[in-house]
Every structure is written in structure tokens, then in C-alpha cells.
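Okay, here's what each chain looks like letter by letter:
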Amino acid sequence: MVDAVTPRGPKPRRRFSRANVMLYGTLIVVALYYALPLYVMIVTSLKGMPEIRLGNIFSPPVEITFQPWVKAWAEACTGINCEGLSRGFWNSVQILIPSVILSIAIASVNGYALANWKFKGSEVFFTILIVGAFIPYQVMLYPLVIILRELGLYGNVWGLVLVHTVFGMPILTLLFRNYFTSVPEELFKAARVDGAGFWGIYFRIMLPMSLPIFVVAIILQVTGIWNDFLFGVIYTKPADYPMTVQLNNIVNSVQGIKEYNVNMAATLLTGLVPLIIYFASGKLFVRGIAAGAVKG
Amino acid sequence: MTSVLVKDLTLKFGALTVLDNLTIDIPEGEFLVLLGASGCGKSTLLNCIAGLLDPTDGEIHINDRNVTWEEPSGRGIGMVFQSYALYPQMTVAGNLSFGLKNARMPKAEIEKRVARAAEILQIEPLLDRKPAALSGGQRQRVAIGRALVRDVDVFLFDEPLSNLDAKLRADLRVEIKRLHHNLKNTMIYVTHDQVEAMTLADRIAIMKGGVIQQLDSPTEIYNRPVNKYVAGFIGSPEINFFEGTLDGQTFVTDGHEFPLAGYAFQGPVPTKGAAWLGIRPEHIVTGEAAASLPVTAEAEIDIVEPMGSDTLAWAKLAGQSVRIRMDGQAAVRTGDRITIGFDPARASLFDRASEDRL
């Protein structure tokens with residue numbers, strides 16, 4: 001029985017080859033590593049305090065309760081204020097929306113100008129902007145406090161919006177510039193011959209072509225700004241603290257008993273926005289990142 | 001009447017001179033082809049005429065108007081690009097009307113013009129499609145239409161057929177020629193394909209290193225190239241060059257003597273000096289017909305490349321390989337010894353040092 005099968009058609013592949021076992025084995029281990037903490041958080045947030053005190057952190061809740069979630073959202077105290085995370089949530093929304101819109105609007109025009117309307121010194125300008133991305137934020141904290149104070153924006157939500165817009169500039173401009181550079185130059189030339197100007201080409205030609213990169217920018221900005229803690233705690237007053245800062249104040253409070261279930265629920269609530277963004281836009285995100293590599 | 005006048009045009013990118021004090025005068029209705037190897041500045045010249053590049057020095061006039069500082073849209077030109085450059089998110093009709101909308105033309109007029117261009121180019125059934133749903137040939141037709149609707153005086157083509165396959169290229173080439181015949185607009189056409197240049201052009205400008213080498217009709221360029229570069233660039237298979245010296249009315253090369261009676265010298269007849277002799281493969285005659293020509297020689301066939309319509313034979317003569325274009329039915333085999341000959345009137349002589357025509 002030697003060579004009974006004539007090779008023909010697709011070559012048969014072994015399902016349990018060594019490479020496959022290694023590959024899927026690694027993937028499963030890594031997936032578990034990341035999923036386990038999330039599992040612990042979810043089950044803990046659904047347990048009552050007595051059940052938590054038993055100490056079996058991996059066991060599913062015997063009696064499911066949503067009380068910790070309600071408390072985290074509407075009743076948890078930070079200092080003398082007992083409105084829960086809801087206020088922080090709305091503060092974050094108020095900071096997030098103008099910051100995202102402003103930073104992306106400005107950065108996309110920046111990137112478009114740097115890619116297509118080269119001017120004297122545009123390369124130098126771009127280099128300076130990129131260097132900005134490598135300077136640690138901490139260096140600029142105090143100078144920014146002074147600038148905001150002089151502008152009369154210190155402790156104001158709009159001051160924080162300004163800070164987020166400025167700090168989003170380097171990476172977003174780079175993102176947009178690279179994307180617009182990958183758009184064929186002849187398209188831009190054709191539009192100029194057709195009589196479209198700076199804004200005409202931007203709005204009528206470039207924008208409709210660049211949905212994927214806008215999605216990437218929105219994801220980067222929404223998650224980045226939502227997760228920001230440092231700027232939030234420094235440039236706003238307690239009444240305007242974003243959700244992350246408030247979460248910290250709830251979780252790290254040293255008075256009274258530690259309500260693990262409430263802390264877990266509060267953390268999950270805070271992380272919900274970026275999570276939803278990732279799940280909802282995962283495909284578009286990958287498409288945006290890969291855009292430029294695959295062109296028809 | 002002059003349609004496009006390029007005057008003393010110079011373009012430098014830093015230390016690199018791409019166009020060097022170039023002057024060219026294009027009469028109305030002419031089909032001018034800018035031909036040259038890549039990097040010779042032909043596309044750059046076209047971009048300067050279109051206004052997409054600012055020249056370092058010089059002027060550009062279109063229809064007797066100095067447009068050097070005008071925007072591309074204000075110059076009365078339409079441009080067709082190699083990659084078609086269709087706006088991907090717009091339909092064909094949207095692509096055609098984009099320029100007109102920018103010029104704030106009334107809607108009825110736009111529709112009329114789009115309909116006319118679509119009819120001329122036979123793309124009416126495609127008007128509602130997006131560019132992604134078109135074939136390469138259809139896309140290039142739409143790109144031509146985009147120039148057509150704007151009713152411009154001058155058409156600029158930047159290697160419009162280079163992205164198409166051989167058959168489509170031949171078809172569209174004829175169509176462009178027909179279009180020029182019907183519209184009678186001035187057209188400036190950049191290509192590196194000499195077949196396109198020879199078939200389409202009223203005049204060809206052969207460029208090298210930012211300088212026009214020769215600006216003449218296709219036949220003149222083909223038969224009387226002004227220098228060795230032009231002679232070598234035009235013609236496929238390539239012209240044969242013999243390195244040798246002039247001795248009175250004879251060209252001497254590696255033991256062979258070619259009498260030059262009948263050759264029309266460009267200026268004063270030189271009697272001595274190092275020179276190149278160029279003769280095109282199709283001007284070398286074989287067999288009995290060769291015997292009666294002023295220049296004859298014996299040669300051995302080296303390699304035979306049959307191409308159907310004709311056969312290209314490589315023969316050894318005067319210590320080098322010589323290309324000979326023979327009839328497609330000619331029965332030749334490697335190793336055959338044949339008589340070859342040519343008429344010096346059809347040859348070209350170039351000075352060895354300056355490489356200019358003698």
C-alpha cells in the first residue's frame with residue numbers, strides 16, 4: 001500500500017499538526033489571561049457583600065443582585081457628595097464631545113494641508129509637531145496651568161477641552177497626513193484643474209474618501225479622552241471632575257468598609273464607553289488602519 | 001495662430017534643473033507629442049503648462065494670454081491623467097459635472113454638456129455608475145470626458161494609455177486620433193511610447209535632460225534625426241550604429257568601406273573626422289536587391305527572430321551585431337551567409353564627439 005492516493009486537487013492538511021496546536025494553545029492561554037480579570041469583576045459586581053466575604057472570587061454569584069450597579073451609578077459617595085458616578089459620566093460626556101470634534105476637525109485639515117498643499121517650511125512644521133508627541137505630558141503640566149490661568153480658562157471644562165485638543169494634535173495630524181498622502185496625487189491635480197480650491201477639494205473630494213481614517217481618529221480620541229485621568233484631575237474643579245477621577249475617588253476612599261461589588265460595578269461602568277466603541281467599530285477600525293495598504 | 005506658447009521656461013528643484021530655458025510654440029489645432037525616457041522632464045513640462053507646478057522662470061501663454069500666474073482652472077485647459085484620477089465617490093455623471101459645478105454653471109447647461117460629452121465618447125449607459133464599476137478603458141473615456149465637458153481650448157494628456165493593456169491601448173489611440181480630428185483642439189500629449197508618438201503626432205518634441213532635442217514632424221524625426229540620441233530613441237527595433245571615420249566620401253569602419261555618394265550632408269561637407277553611421281534595420285536590404293545598392297557587404301546570420309509580419313535577423317558585420325528587418329516570409333536560418341546592402345541616402349551620419357548630425 002505505497003502511494004495509493006494520486007495527488008490531485010487541494011493538498012490535504014492535518015488539523016492537529018504541531019504548528020496548529022502551538023498556535024491555538026498560545027491563543028487560548030492569552031485569551032484566558034485577559035478574560036479572567038473581566039470575569040472576576042463581573043461576578044463580583046453581581047454579588048452581595050456577605051457572599052464576597054466568603055472569599056471565593058471565581059465562583060459565580062449564588063444570588064444575583066444589581067444593587068451594587070445602582071449604588072455605583074446613583075448613590076456612591078465621594079466626599080460629601082453622594083450622587084454616584086452619574087455626575088462624572090455627564091461631565092465626561094461634556095468634555096468628550098467638544099474635544100473629539102474640535103481635535104479631529106483641526107487635525108484633519110492640518111493633515112490635508114501638510115499632505116497636499118506643501119508650503120515653505122511645511123516639513124519643518126510637521127517635524128516640530130511630531131516631536132511634540134514624544135515630550136512627556138508631565139513636563140507641560142505646570143506651564144499649561146499658567147497659560148490656562150492667563151486665558152481665564154483654568155478650572156473650566158473648556159480649558160480641559162483645549163488641553164485635550166492640543167495634545168491630540170501630533171498623533172492625529174500624523175494619522176491624517178499619512179492617509180491623505182496615500183490618496184493618489186493625480187486626483188488632487190484633477191480637482192484643481194476642475195477648479196476646486198482648498199476647501200472645495202477638502203470637503204468634496206478628500207472627506208468623502210476618508211471615512212475609515214475618521215473612524216480610527218474618533219476611536220483614538222474617544223478612548224484616549226475618556227480614559228484620561230491626569231488632565232482631568234489637574235485642570236478641572238471637583239464639580240467638573242470626569243468619570244475617571246470620580247471613579248478613583250470612590251474606589252480609593254479610605255473611610256468605611258470597602259464595597260468591592262460597588263467598586264467593580266463602578267469600574268465596569270466607567271470602562272463601558274471605550275468597550276462599546278471597540279465592539280461597535282472593530283471592523284471599521286481595522287479597515288482604517290489597513291487603508292492605504294490595499295487600494296483598488 | 002499660436003495656441004500655446006512656452007517661453008524661456010526653467011524649473012529647478014533645489015540644485016536639480018528639470019527644465020532648462022525651454023521655448024516651444026504650438027499653433028492652434030496641433031497635436032503635439034512630448035516624447036522622452038522617464039525623467040526627461042516631459043511630464044513636468046505638461047504640469048507647468050497646466051499650472052500644477054510653478055516654474056522657476058519663464059512664461060506660459062495660452063491663446064495669447066499670459067497665464068503664468070493663473071490657477072489651472074483659469075487657463076482654459078483640460079487634463080487627462082495616467083491613473084484616470086476619477087473621483088471615486090462620485091458617479092460618472094458627477095465626475096463629468098464636477099468642474100462645471102465649481103464654475104457655477106446653470107444646471108440645464110451642465111446637463112446639456114454632460115449629455116454631449118457622453119454621446120461623443122459613447123459612455124451614456126455608464127453615467128450612473130461609480131468609477132469602481134468601470135473597466136480601465138471606460139475609466140479613461142470618462143477622464144477624457146471630464147476635459148471635454150469643460151469646452152477647453154487645449155487638451156493635456158499625461159501618458160493616458162500607459163495603464164491599459166496592449167489591445168485597449170491600440171483602440172483608444174485610434175479614438176484619441178479621431179477625437180482630435182473631429183474637435184480640432186490643440187492637444188499636448190506626453191508619452192514614452194514611440195508608437196503612440198509616431199501615430200498621433202503632428203509634431204513630436206523629443207526631450208532629454210529638460211531640453212528639447214528635436215521638434216519636428218514624425219517622418220522628419222524618423223528619417224533625419226538631429227543627433228545620435230534621437231536616432232537611437234526613435235525606431236523599433238533600434239537603429240544600427242557603426243563607429244568609424246570619414247575619409248572623403250567614404251565611411252571607414254573596422255576594415256569595411258562604405259561609399260557615401262548620395263548622402264545629404266547637413267552643412268559643409270567634412271572630409272575627415274571620427275563619426276557614427278546609423279542605418280535603420282528596415283533600410284538594410286538583403287539578397288539580389290542588395291547587389292545594386294551603393295553599399296554592399298557579406299554577413300553571416302547570427303540569430304533569427306520571426307515576428308509574423310516581419311522577421312528580425314541579427315547578422316555579424318564589421319565586428320558587431322547588425323539588426324536587419326526582413327519580410328515575414330523570408331526563409332533565413334542561423335548560419336546563412338547573405339548579401340546585405342543599403343542606400344547611404346537613408347543613413348544618418350553623426351559627429352563622434354558632439355553626436356550631432358553631419
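Residues numbered from 1 in each chain as written. Chains lettered and ligands numbered in written order. Predicted model: local features only at pLDDT ≥ 70, side-chain atom pairs only at ≥ 80, totals over all residues.

### Some thoughts on the overall build of chain A
So, point 1. Looking only at helices and strands, chain A has 13 helices and 0 strands in total.
So, point 2. Sequence-ordered secondary structure for chain A, helices as α and strands as β, is α-α-α-α-α-α-α-α-α-α-α-α-α.
So, point 3. Projected onto its principal axes, the C-alpha coordinates of chain A cover approximately 90 × 75 × 30 Å.
So, point 4. With 296 residues in all, chain A has 32% of them scored as buried. (Helix = DSSP H or I, 4+ residues; strand = E, 2+ residues; numbered from the N terminus. Buried ≥ 20, exposed ≤ 12 C-beta atoms within 10 Å, placed from the backbone.)

### A few points about the domain arrangement of chain A
Residues and elements named next belong to chain A.
So, point 1. Segmentation of chain A into domains returns domain 1 (18-65) and domain 2 (86-290).
So, point 2. At the interface, 6 residues of domain 1 touch 7 residues of domain 2.
So, point 3. Taken together, the elements giving at least two residues each to the side of domain 1 that touches domain 2 come down to helix H1 (18-45) and helix H2 (49-53).
So, point 4. Ranked by residue count, the leading element in the side of domain 1 that touches domain 2 is H1, at 3 residues.
So, point 5. Residue composition of the side of domain 1 that touches domain 2, grouped by class: 3 nonpolar, 2 polar and 1 charged. (Domains from an automatic or database assignment. Contact = placed C-beta atoms within 7 Å. Nonpolar A, V, L, I, M, F, W, Y, C, P; charged D, E, K, R; others polar.)

### Some points on the interface of chain A and chain B
So, point 1. Facing the 15 residues of chain A at the interface are 18 residues of chain B.
So, point 2. Of all the elements in the fold, those that place two or more residues in the side of chain A that touches chain B are helix H8 (185-193) and helix H9 (198-209) of chain A.
So, point 3. Residue contributions to the side of chain A that touches chain B peak at 6 residues, all from H8(A).
So, point 4. Residue composition of the side of chain A that touches chain B, by class: 8 nonpolar, 3 polar and 4 charged.

### A short note on unusual backbone geometry
Residue and element names in this part refer to chain B.
So, point 1. Going from serine 236 to proline 237, the amide bond is cis rather than trans, its omega being 0°.
So, point 2. Tracing the sequence through the fold places proline 237 in the loop between helix H8 (228-233) and strand S11 (240-247).
So, point 3. Backbone geometry at aspartate 8 places phi at a positive 50°, although glycine is not the residue there.
So, point 4. One non-glycine residue with positive phi stands out, namely asparagine 21, at about 45°.
So, point 5. Tracing the backbone through its elements, the reader meets asparagine 21 in strand S2 (residues 16-27).

### A word on the nonpolar core
So, point 1. Ranked by internal contacts, the top residues of the largest apolar core, which has 139 residues, are B:Leu34, B:Ile49, B:Leu156 and B:Ile188.
So, point 2. With 10 residues, helix H7 (residues 157-182) of chain A is the largest single contributor of residues to this core.
So, point 3. Here B:Ile188 is in contact with B:Val4, B:Ile26, B:Leu32, B:Leu34, B:Leu46, B:Ile49, B:Val154 and B:Leu156, once residues within four sequence places are set aside.
So, point 4. Formed by 11 residues, the second largest nonpolar core is a distinct cluster that contains A:Leu85, A:Met243, A:Ala265 and A:Ala266. (Core = buried A, V, L, I, M, F, W, Y, C linked by C-beta atoms within 7 Å.)

### Some points on the confidence of the model for chain A
Residue and element names in this part refer to chain A.
So, point 1. The share of residues in chain A with pLDDT of 70 or more is 96%, and the mean pLDDT across the chain is 87.
So, point 2. Mean pLDDT values for the elements of chain A range from 83 in helix H13 (residues 260-290) up to 94 in helix H4 (residues 86-116).
So, point 3. Note that pLDDT drops below 50 for residues 292-296; the model gives that stretch 3 contacts with residues more than four away or on any other chain. (pLDDT = per-residue confidence, 0-100.)

### Considering the pairing of strand S7 (residues 154-158) of chain B
Residues and elements named next belong to chain B.
So, point 1. Of all 5 residues making up S7, 5 are buried, and the element is well covered by its neighbours.
So, point 2. Residue alternation in S7 divides its side chains into two sets, Val154, Leu156 and Asp158 and Phe155 and Phe157, and both sets are buried.
So, point 3. As paired elements, strand S6 (residues 77-80) and S7 share 4 bridges and run parallel to each other. By the bridge assignment, methionine 79 is partnered in S7 with leucine 156.
So, point 4. Sheet analysis places S7 next to strand S8 (residues 186-191), joined by 5 bridges and oriented parallel. Paired with valine 154 across the strands is threonine 186, a residue of S8. (Pairing = 2+ DSSP bridges.)

### Examining the sheet that holds S2(B)
Residue and element names in this part refer to chain B.
So, point 1. Here 4 strands make up an open sheet; going across it, the order is S2-S1-S4-S5 and the pairing antiparallel. Every other strand in the sheet has two partners, leaving S2 and strand S5 (65-66) as the edge strands with one partner each.
So, point 2. As paired elements, strand S1 (residues 2-13) and S2 share 8 bridges and run antiparallel to each other. Bridging across to S2, valine 4 finds its partner in isoleucine 26.

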